[in-house]
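Working through the structure, step by step
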Amino acid sequence: MAEIVIRNLRKEFGAFVAVQESTFNVADGEFFMLLGPSGCGKTTTLRMIAGLELPTSGQILLDGKDVAQMRASARDIAFVFQMFALYPHMNVRKNISYPLLSQGMSRRDARSKVEEVARILDIESILDRPVGGLSSGDRQRVALGRAIVRQPKAFLMDEPLGALDAEFRERMAEELRALHDRMGATTIYVTHDQLEAMQMGDKIVVMNHGVVEQWGTPQEIYDRPATMFVANFIGSPPMNFLRFEATLEPGAATARLSGVDIPIPPLETGVSGRELVLGVRPEHVRLGTDGAYRGEVIATEYLGTTQIVTLKSPNGTLRVRAPSGQPVHVGETVSLDFNTATLSLFDAGSGQAMKVDRAAVRAAMKEQSYG
Ligand code: ATP
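Residues numbered from 1 in each chain as written. Predicted model: local features only at pLDDT ≥ 70, side-chain atom pairs only at ≥ 80, totals over all residues. Heavy atoms only, no water.

Things to note about the overall build of the protein
When its secondary structure is counted, the protein shows 9 helices and 20 strands. The contacts in the protein between residues at least 6 apart in sequence include a share of 66% that link residues at least 24 apart. Total accessible area on the protein is roughly 17400 Å²; 49% of this is exposed by carbon and sulfur atoms. Here the protein contributes 40 positive and 44 negative side-chain charges, whose respective centroids are spaced 7 Å apart. (Helix = DSSP H or I, 4+ residues; strand = E, 2+ residues; numbered from the N terminus. Contact = heavy atoms within 4.5 Å. Areas by Shrake-Rupley, 256 points an atom, 1.4 Å probe, with all protein chains shown as cover. Lys, Arg positive; Asp, Glu negative; His and termini not counted. Charge placed at Lys NZ, Arg CZ, Asp CG, Glu CD.)

Now the structure itself:
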């Protein structure tokens, strides 16, 4: 078991910077997700932690010891590859025992270790079968077995479920998480799927163009995105962005959008004549008739218990998640009532979240009863 601390980690491939000064902490026993779009530097980060790629600069502290320049074999970290790298000509038992025997463990000890792992993974009945004919789920379990049998300090997984179909993928994700909960081993898991990251992770780091945009619990990242990129990448539909020109005193409780005063979470610092973006999650808008801020319904999408209503407002297009029983018609104009405490504010230029006075937000939450 291990704590992994990443400090200012950087990787250049020639003139191209794949990872820029990444910093995040993975606590002992955590299931930690590395999330971001294709090419953002997830795999490169993971390969540096594994020791398969040398960083250009920065630190990788494994239980306090900097292993950034150490060989992979000296790190005691197991890498579970995207393509299940099994030996097709060997049976399951031999595949799992291979890492133990190559480390010099006796056949007898290796045998009992393999049986212990097979029990955990529920693959005892296939131990003597060749891996060539196994289903992808069983192959996945064997690959995991080979990784966990060594009892490494940590596991690194690069899109391990990427090759599976949706239904099976969900089942394996649950199994993996349950296995983690039984073993409690620190795990770093790469995915580009925000839903998978939210469902499985204790913590998530979101990367974009080699830069760590934010890291924290799924709820922190969903509720208080640090950047517009994170706000847009997490959530389906993503957060809505309403642009407006603002001049606000520190602590101001309303902002004027197209002539309408809208309650906002108070900012710690004031702004003068700057373009801001109000970030609104689709489920934090109530559609009504009485409010002054209004939008025209341009589409509705029925999803069973909810519907997604697309509206044109004076400050941009919004997608709102409304109860499916609520009558909403294309072409009509409705009022939009925002749940103040859940709103985000961003600087339009930098895309960074503005600092909000959280104590004031909590007080406002008590006052505003919102369904
Ligand atoms: P994906 O989900 O598509 O695998 P990723 O987030 O894991 O993406 P990386 O594989 O880490 O991204 O790649 C980050 C960037 O670094 C990409 O632009 C990639 O082309 C580049 N890159 C990775 N390895 C090398 C290499 N050995 N030489 C040059 N460029 C590389």
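Now that the structure is up, let's keep going.
Some thoughts on the pairing of strand β10 (residues 211-216)
Here strand β9 (residues 203-208) runs beside β10; their pairing, made up of 5 bridges, is antiparallel. If you follow Met 207 over to β10, its bridge partner there is Val 212. Taking the residues that link successive antiparallel strands as the turn, the β9-β10 hairpin has 2 residues, and the phi of His 209 there is positive, at about 50 degrees. (Pairing = 2+ DSSP bridges.)

As for the packing of aromatic side chains
Scanning the entire structure with this criterion turns up 6 aromatic pairs. For the ring pair Phe 241 and Phe 346, a centre distance of 5.9 Å and an interplane angle of 85 degrees mean the geometry is edge-to-face. Remark: Phe 346 occurs in strand β20 (residues 344-347) and Phe 241 occurs in strand β11 (residues 240-248); sequence separation between them is 105 residues. Judged by relative accessible area, Phe 241 falls into the partly exposed class, the value being 22%. Classification of Phe 346 by relative accessible area gives buried; the value is 0%. Centroid distance Tyr 293 to Phe 338: 5.9 Å. Interplanar angle 55 degrees. Geometry classified as tilted. In this pair, Tyr 293 sits in the loop between β15 (285-288) and β16 (294-302) while Phe 338 sits in strand β19 (residues 333-338), placing the two residues 45 residues apart along the sequence. (Phe/Tyr/Trp six-rings, centres within 6.5 Å; stacked < 30°, edge-to-face > 60°. Buried < 20%, exposed > 50% of the residue type's maximum accessible area, 1.4 Å probe, protein only.)

Topic: the site of the ligand
As a structural note, the neighbourhood of the ligand is formed by Phe 13, Phe 16, Ala 18, Pro 37, Ser 38, Gly 39, Cys 40, Gly 41, Lys 42, Thr 43 and Thr 44. At a separation of 3.0 Å, an oxygen atom of the ligand approaches a polar backbone atom of Gly 41. At a separation of 2.7 Å, an oxygen atom of the ligand approaches a polar side-chain atom of Thr 43. Relative to its free-state accessible area of 630 Å², the ligand is covered by the protein chains to the extent of 57%. Elements supplying a minimum of two residues to the shell around the ligand: β2 (16-26) and α1 (42-50). Here the shell around the ligand takes 3 residues from α1, the largest share from any one element. The residue makeup of the shell around the ligand, split by class, is 5 nonpolar, 5 polar and 1 charged. (Near = heavy atom within 4 Å. Polar contact = N/O pair within 3.5 Å; in protein donor to acceptor, adjacent residues only side chain to side chain. Nonpolar A, V, L, I, M, F, W, Y, C, P; charged D, E, K, R; others polar.)

Structural notes on unusual backbone geometry
Pro 237 follows Ser 236 through a cis peptide bond whose omega is -5 degrees. With respect to the helices and strands, Pro 237 occurs in the loop between α8 (228-233) and β11. Positive phi, normally seen in glycine, also occurs at Asn 8, with a value near 50 degrees. Among the secondary structure elements, Asn 8 is positioned in strand β1 (residues 4-13). For Asn 8, a relative accessible area of 42% translates into the label partly exposed.

Brief notes about the sheet that holds strand β14 (residues 271-280)
Sheets are built from strands paired through backbone hydrogen bonds, the pairs being either parallel or antiparallel. Read across the open sheet, the 3 strands follow the order β11-β14-β20; overall the sheet is antiparallel. Here the strands that pair on one side only, and so sit at the sheet edges, are β11 and β20. Strand-to-strand, the axes of this sheet are offset by a mean angle of 35 degrees, without reference to chain direction. Two elements, β14 and β20, share 4 bridges in a ladder whose sense is antiparallel. Residue pairing in the sheet places Leu 278 in a bridge with Leu 345 of β20. (Axes fitted to C-alpha atoms, helices over the stretch in contact; angles between N-to-C directions.)

Some words on the pairing of β9
Within a regular strand, the side chains alternate between the two sheet faces. Along β9, 5 of the 6 residues are buried, which leaves the element largely enclosed by surrounding structure. When strand β3 (residues 31-35) meets β9, the two strands line up parallel, connected through 4 bridges. Each residue of the ladder has a partner; that of Phe 32, found in β9, is Lys 203.

Comments concerning α1
Counting buried residues along α1, 7 of its 9 residues qualify, which places the element largely inside the surrounding structure. Within α1, the full set of buried residues consists of Lys 42, Thr 44, Thr 45, Leu 46, Met 48, Ile 49 and Ala 50. Immediately beyond the C-terminal end of α1, within one or two residues, lies Gly 51, with a positive phi of roughly 95 degrees.

Some remarks on the sheet that holds strand β8 (residues 186-191)
If you trace the 6 strands from one edge of the open sheet to the other, you get β6-β7-β8-β3-β9-β10, paired in mixed fashion. Lying at the two open borders of the sheet, with one neighbouring strand each, are β6 (77-80) and β10. Going across the sheet, the axis of each strand differs from the next one's by a mean of 15 degrees, ignoring polarity. The pairing of β3 with β8 spans 5 bridges and is parallel. Bridge assignment links Phe 31 to a residue of β8, and that residue is Thr 187. With respect to the sheet, helix α5 (residues 166-183) is in contact with β3, β7 (154-158) and β8, its orientation differing from that of β3 by roughly 140 degrees.

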